[in-house]
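# Structural description and commentary
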Amino acid sequence: GITGNGKTAIIEMSRASGLALVPPSQRNPWVTTSFGTGQLILAALRHKVEEIILAIGGSATVDGGLGALQALGADFRDRRGRAVSFGGQGLLQLQSIQLERLHPALSQTRLLVACDVDNPLVGPRGAAAVFGPQKGATPLMVKRLDHGLARLAKKISELKQINISSIPGAGAAGGISGSFLGLLGAQLRPGSDLIFKLLKIDQVIRQVDLIITGEGSIDFQTPSGKGPGILAKWAQQLKLPVVALAGSVTNERGFLHRHGFS
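Just so we're clear, the structure is a prediction, and the values are computed from it rather than from any experiment. Starting afresh in each chain, residues are numbered from 1 along the sequence in its written order. Only residues with pLDDT of at least 70 are given local features in this predicted model, and only at 80 or more are side-chain atom pairs given and counted; all residues enter the totals for whole chains, interfaces and linings. In computing side-chain values, all of the structure's heavy atoms are included and hydrogens and water are not.

### Digging into the nonpolar core
Here the nonpolar core consists of buried residues drawn from Ala, Val, Leu, Ile, Met, Phe, Trp, Tyr and Cys, with membership extended through side-chain atoms lying within 4.5 Å. A simple rule labels every residue: compare its accessible area, found with a 1.4 Å probe on the protein chains alone, to the largest value its type can have, and call it buried under 20%, exposed over 50%, or partly exposed in between. Core analysis: the largest hydrophobic core is formed by 50 residues, its most contacted members being Ile41, Ile52, Ile56, Leu72, Phe76 and Phe180. At the level of elements, strand S1 (8-12), helix H2 (35-46), strand S2 (51-55), helix H3 (66-71), strand S5 (110-114), helix H5 (127-131), helix H6 (139-160) and helix H7 (176-184) are the ones that each hand at least two residues to this core. For Ile56, the contacting residues outside a window of four places in its chain are Met13, Val113, Ala114, Cys115, Ala172, Ala173, Ile176 and Ser177. In this structure, Phe196, Ile201, Ala232 and Phe255 belong to the second largest nonpolar core, which totals 14 residues. For the purposes of this entry, the term helix denotes a DSSP run of H or I that reaches at least four residues, the term strand denotes a run of E that reaches at least two, and both are numbered from the N terminus. Should any heavy atoms of two residues lie within 4.5 Å, those residues are considered in contact.

If you want it as structure tokens, here you go:
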């Protein structure tokens, strides 16, 4: 989507590389790729936008963003000089990164990655360990993907002198946020912050008497950067009541009341 002034493109990763697009029996992050997300970014660049907001929730991938970067012209090679495979398996094949053929417009475009989690790229809270199983990864695959993401972080560090392995949020959407930060200079921003800014919610909230919000699952993550949690925090400061609707509520009510939910 392009905003009204034609300067900002908003891309939803889940519409190109999303978990909901893959039947449960076929979910396999060893082969699923973010290439289609890269194609959407290419389409946005053709519109000569100044800024791209990439929303990365609901992805089916743990490929460290290799697929999207390949679509944008990045070259990832194995030890024999061949292009690495699509999907998470490509991470373990990775030997070299070449960026000479990246789309030239990327250097002129501000890239914001909207992510609502603060998971690092690797480790027990990393992209593979936390999100891999819901995308179809077996325990053995989780270990191999985590090793592959660590390999990616090492190669990016050698090339760009930045260690993305432990940066909060770098593990979102299978690591695409980490590679985009390390290789493209993208900024990682809470998705709710970006949307609230676009909609001028800080002004709207001062004109209402009641807030009704919602989320699929209200849990311990909700107060930590999720949209409903931020709304509740702001409302608490303004002494506004907040009613939340959810498919499930996994925290005791006192915890939620303390964070601004009425």
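What follows continues from the structure just given.
### Observations concerning the packing of aromatic side chains
Under the pairing criterion, centres of Phe, Tyr and Trp rings, with the six-membered ring standing for Trp, must be within 6.5 Å; the plane angle then separates stacked pairs below 30 degrees from edge-to-face pairs above 60, leaving the rest tilted. Applying the stated criterion across every chain yields a total of two aromatic pairs. Between Phe196 and Trp234, the aromatic rings sit 5.5 Å apart at their centres with planes inclined by 55°, giving tilted as the arrangement. Taken together, the residues span a long stretch of sequence, with Phe196 in helix H8 (residues 191-199) and Trp234 in helix H10 (residues 227-238) at a distance of 38 residues.

### Focus on H7
Most of H7 sits inside the fold, with nine of its nine residues counted as buried. Here H7 has its buried residues at Ile176, Ser177, Gly178, Ser179, Phe180, Leu181, Gly182, Leu183 and Leu184. Looking one or two places after H7, you find Gly185, whose phi comes out positive at around 75°.

### Structural notes on the environment of Val113
For Val113, the position within the fold is in strand S5. Accessibility expressed as a relative area gives 1% for Val113, which makes it buried. Between the C-alpha atom of Val113 and that of Val49, which follows or precedes it by 64 residues, the distance is 15 Å. Beyond its immediate chain neighbours, meaning those up to four positions away, Val113 contacts Leu54, Ile56, Ser177, Phe180, Ala186, Gln187, Leu188 and Arg189.

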